[in-house]
Amino acid sequence: MTKTISLTAMLITGLLVSACNFPLISKPAEDPNALATAVAQTLVSMAGQPLPTQQPSVVQPTVSAGLPTVTPPLATAANTVQAPPTATPQPCNKVLFVSETIQDDTEFNAGDAFKKSWTFKNVGTCTWNTNYKLVFAGGEVMGGPASVNISKIVAPNDQITIEVAQVAPASSGTYTGNWKLQADDGTQFGSVSVRIKVKTQAFAVTRITTNLSDVEPDACPYTFPAEISITTSAAGKVTYETETSMGVFGGTKSLNFDAAGTKTIEMDFDGLGVGGATTEYWIKVFISQPNNQNFGPYTFDVTCP
């Protein structure tokens, strides 16, 4: 028994010395309980007697507290940089319609004269000069001019009223004329219109026009080739006479109209002019049928060399 204990002591001593002979080898730290258990098992094996089994200590892993997760703040409307609005450039020529006279579908008798006006506001960036005009753009001109120049300078945000003299057509019905503003470079902008109704009428002469105008002939006496245009409201027969400032009467004549419209008669107005002077002359027209009307006098000047 004494030998067995001595041998055991020597073995333990040898194991301890062996463990101390290797200081340079890095080993993981051993559990003291595990080492004791190994020694005890060795002793039991050598003594031939069992030893009670010792449960190893359970080393609980250390749980490191994690760092809190930082969630970036959501972008807010206050933090959002808004792009500045893009300014819309205004055109040079732009117009705002303000008002008008002669409302649409106003009724007139055939041949009635009327004046239609529009008021405009300059809402562009350019100033309108007196070369700007209102021009006829289609439809029925109704005796109006081809264009009407504006009468004053119109700066941006200023207003102007433009008036156009017109005549109701000879036949009954609805008539529309279209007009546009035109800049001094010919650019057209804006659009307005006139729409009237001509009442249905019995046969009548509604208008008479002439080609008479002032003249300066190369020699006198001068003969003016006069034209007289007669317009009616319906089909029928017109009986007329002419008279001149020279005391000449054309006699009673007639025209037959198959429908409403205009017919032109021609006459030579001769013996006109006094040397070195300007003389005024005229023509009158009397309609005896259908409605006993006097038209004129239609005047003009003749200036002789």
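Refer to the structure printed above.
Summarised in this report is the structure supplied together with it. (Residues numbered from 1 in each chain as written. Predicted model: local features only at pLDDT ≥ 70, side-chain atom pairs only at ≥ 80, totals over all residues. Heavy atoms only, no water.)

### Describing the overall build of the chain
Selection criterion: Labels follow the DSSP assignment, with helices taken as runs of H or I lasting at least four residues and strands as runs of E lasting at least two, numbered in each case from the N terminus. Three labels apply to residues, based on accessible area from a 1.4 Å probe with only protein chains included: buried if under 20% of the type maximum, exposed if over 50%, partly exposed otherwise in between. The contact rule is simple, with two residues in contact once any of their heavy atoms fall within 4.5 Å. Reported accessibility uses the Shrake-Rupley method at a 1.4 Å probe radius. Residues are deemed covered only where the shown protein chains occlude them.
Scanning the chain for helices and strands turns up two helices and 15 strands. Counting over 305 residues, the chain shows a buried share of 26%. Sequence-distant contacts in the chain: of pairs separated by 6 or more residues, those separated by 24 or more amount to 65%. In the structure as shown, the chain presents an accessible area of about 19300 Å², 54% of it carried by carbon and sulfur atoms.

### So, the packing of aromatic side chains
Put simply, the test is: Pairing of aromatic side chains here covers Phe, Tyr and the six-membered ring of Trp, requires ring centres within 6.5 Å, and sorts the geometry by plane angle: under 30 degrees stacked, over 60 edge-to-face, intermediate tilted. Two conditions define a charge sitting above a ring: the NZ of Lys or the CZ of Arg must be within 6 Å of the ring centre, and it must be within 35 degrees of the ring normal.
In total, this model carries 10 aromatic pairs according to the counting rule given. On the basis of an interplanar angle of 15° and a centroid distance of 6.1 Å, the ring pair of Trp128 and Tyr132 is categorised as stacked. Exposure remark for Trp128: the relative accessible area of 1% places this residue in the buried category. Classification of Tyr132 by relative accessible area gives buried; the value is 4%. An aromatic cluster of three or more residues is present, and its members are Tyr222, Phe224, Phe269, Tyr281 and Phe300. If you follow Lys263 out to its NZ or CZ, it ends over the ring of Phe257, 5.3 Å from the centre.

### Quick word on the state of the cysteines
The criterion, for reference: Two cysteine sulfur atoms make up a disulfide if the distance between them is within 2.5 Å.
In the structure shown here, the tally under the stated rule is two disulfides. Note that Cys92 is cross-linked by a disulfide to Cys126, the S-S spacing being 1.8 Å. As the torsion about the S-S bond is roughly -120°, the Cys92-Cys126 disulfide counts as left-handed. Highlighted residues: Cys92 in the loop between helix 2 (32-47) and strand 1 (95-100) and Cys126 in the loop between strand 3 (113-122) and strand 4 (133-139), separated in sequence by 34 residues. The class for Cys126 is partly exposed, based on a relative accessible area of 24%. One disulfide bridge connects Cys220 with Cys304, the sulfur atoms lying 1.8 Å from each other.

### What about unusual backbone geometry?
With omega at 5°, the peptide bond leading from Cys220 into Pro221 counts as cis. Looking along the chain, the bond that leaves Gln289 and enters Pro290 is cis, with omega of 20°. As for its position among the elements, Pro290 is in the loop between strand 14 (278-289) and strand 15 (293-303). Positive phi, normally seen in glycine, also occurs at Asp105, with a value near 70°. Inspection of the secondary structure puts Asp105 in the loop between strand 1 and strand 2 (106-108). Even without a glycine there, the phi angle at Met142 is positive, about 50°.

### Quick notes on the sheet that holds strand 13 (residues 261-272)
Heads up, the condition is: At least two bridges found by DSSP between two strands are what make those strands a pair. Axes, fitted as lines to C-alpha atoms, cover a helix only where it is in contact. Angles between the N-to-C directions of the axes lie from 0 to 180 degrees.
Within the open sheet, the three strands sit side by side as 9-10-13. Their pairing is antiparallel. At either margin of the open sheet sits one strand with a lone partner, and together these are strand 9 (205-210) and strand 13. Going from strand to strand, the sheet's axes swing by 20° on average, the running direction of each strand aside. Bridge analysis of strand 9 against strand 10 (residues 222-232) gives five bridges, and the strand direction is antiparallel. Looking across to strand 10, one finds that Ile208 is bridged to Ile230.

### Focus on the nonpolar core
Where we set the bar: Remark: nonpolar core denotes a set of buried residues (Ala, Val, Leu, Ile, Met, Phe, Trp, Tyr, Cys) joined through side-chain atoms within 4.5 Å.
Among the nonpolar cores identified, the biggest contains 25 residues, and Trp118, Phe120, Trp128, Leu134 and Ile196 are the most heavily contacted of them. Among the secondary structure elements, those contributing two or more residues to this core are strand 3, strand 6 (159-167), strand 7 (173-182) and strand 8 (188-198). No other element matches the five residues that strand 8 contributes to this core. Excluding residues that lie within four positions of it along the chain, Trp118 makes contacts with Phe97, Ser99, Glu100, Leu134, Ile160, Thr161, Ile162, Val164, Trp179, Val192, Ser193 and Val194. By size, the runner-up hydrophobic cluster in this structure holds 24 residues, among which are Leu255, Tyr281, Tyr298 and Val302.

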